[in-house]
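Listed below, chain by chain, are the residues.
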Amino acid sequence: MIFVITVTLCSFLQAVTGFGSGILIVTILSTIFDIKTIIIPFISLYNILTNALNAYSYSSSINLRSYKKLISWGILGSFIGSIVLIRYVDKDFLEKLIALIIFIYLSNTLFKKLNFDGSKYHIINGLINGLLSGSVGLGSVGIVISYNKLDKTQLKALVSIFCLASNIITILSYFFTSRYNLSIFKYFSFCIIPIFIMQK
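Nothing here was measured: the structure is a model prediction, and the numbers come from that model.

Moving on to the overall build of the protein. Broken down by element type, the protein carries 9 helices and 0 strands. A total of 200 residues make up the protein; the buried ones form 52% of that total. Of the contacts formed within the protein by residues at least 6 apart in sequence, a portion of 81% connects residues at least 24 apart. Here the protein has roughly 10,000 Å² of accessible surface; of this, 69% comes from carbon and sulfur atoms.

Okay, structure coming up:
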């Protein structure tokens, strides 16, 4: 029950802001469920659905040709993250990485000190955020920070399309490395209807 309630509330946040839900889901549910075997594989399924819905709504508001390098390198980073990092890095490191991401995200949200022009660093942005997407499911954080000069609708579009592309690779990688189990699909099936309702 706590799983569905958490995902429902975070999906509402995703619908309103276009980002932020994944970091909350990971933060809350990782205190109850195993982060490596349950939460991260679940987030990959959650991200693919929510970002597909957002991409459908917002994709026309941004010129994707300007972000081809970002998305292409994000796909490569996601593949590396989902195959190498998630497989060979232990759970303690992943938890520390997630804590660092949360700290950076909250610091930027509260104090607005990070002010990058992401358009100058498409390749490194794509690679780093792809790695984060593939390994811990939080590839949107760096995009939100690096491209905060975009207006809100354009940023939603960019985050959704980047995360959609990178998560397709993540899901394929997880599938072929047997990271999914029946529990993950059960939790996800319970959350599908609330996700659709909250995204409308």
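Assignment of secondary structure puts T6 in helix α1 (residues 2–17). Contact partners of T6, with chain neighbours within four places excluded, come to I25, I28 and L29.

Glancing now at the packing of aromatic side chains. Going through the model one piece at a time under the given rule, you end up with 10 aromatic pairs. With centroids separated by 5.9 Å and ring planes inclined at 75 degrees, the aromatic side chains of Y67 and Y147 adopt a geometry described as edge-to-face. In this pair, Y67 is assigned in the loop between α3 (35–58) and α4 (68–88) and Y147 in the loop between α7 (140–146) and α8 (152–176), connecting sequence segments 80 residues apart. Residue Y147 is classed as buried on the basis of its relative accessible area of 4%. Residues Y174 and Y180 carry aromatic rings whose centres are separated by 6.0 Å and whose planes lie at 65 degrees to one another, so their mutual orientation is edge-to-face. For Y174, a relative accessible area of 0% corresponds to the buried category. When the ring centre of Y187 is taken as origin, the NZ or CZ atom of K186, which lies over that ring, is 5.4 Å away.

What counts, and at which threshold
- Residues numbered from 1 in each chain as written.
- Predicted model: local features only at pLDDT ≥ 70, side-chain atom pairs only at ≥ 80, totals over all residues.
- Heavy atoms only, no water.
- Helix = DSSP H or I, 4+ residues; strand = E, 2+ residues; numbered from the N terminus.
- Buried < 20%, exposed > 50% of the residue type's maximum accessible area, 1.4 Å probe, protein only.
- Contact = heavy atoms within 4.5 Å.
- Areas by Shrake-Rupley, 256 points an atom, 1.4 Å probe, with all protein chains shown as cover.
- Phe/Tyr/Trp six-rings, centres within 6.5 Å; stacked < 30°, edge-to-face > 60°.
- Lys NZ or Arg CZ within 6 Å of the ring centre and 35° of its normal.

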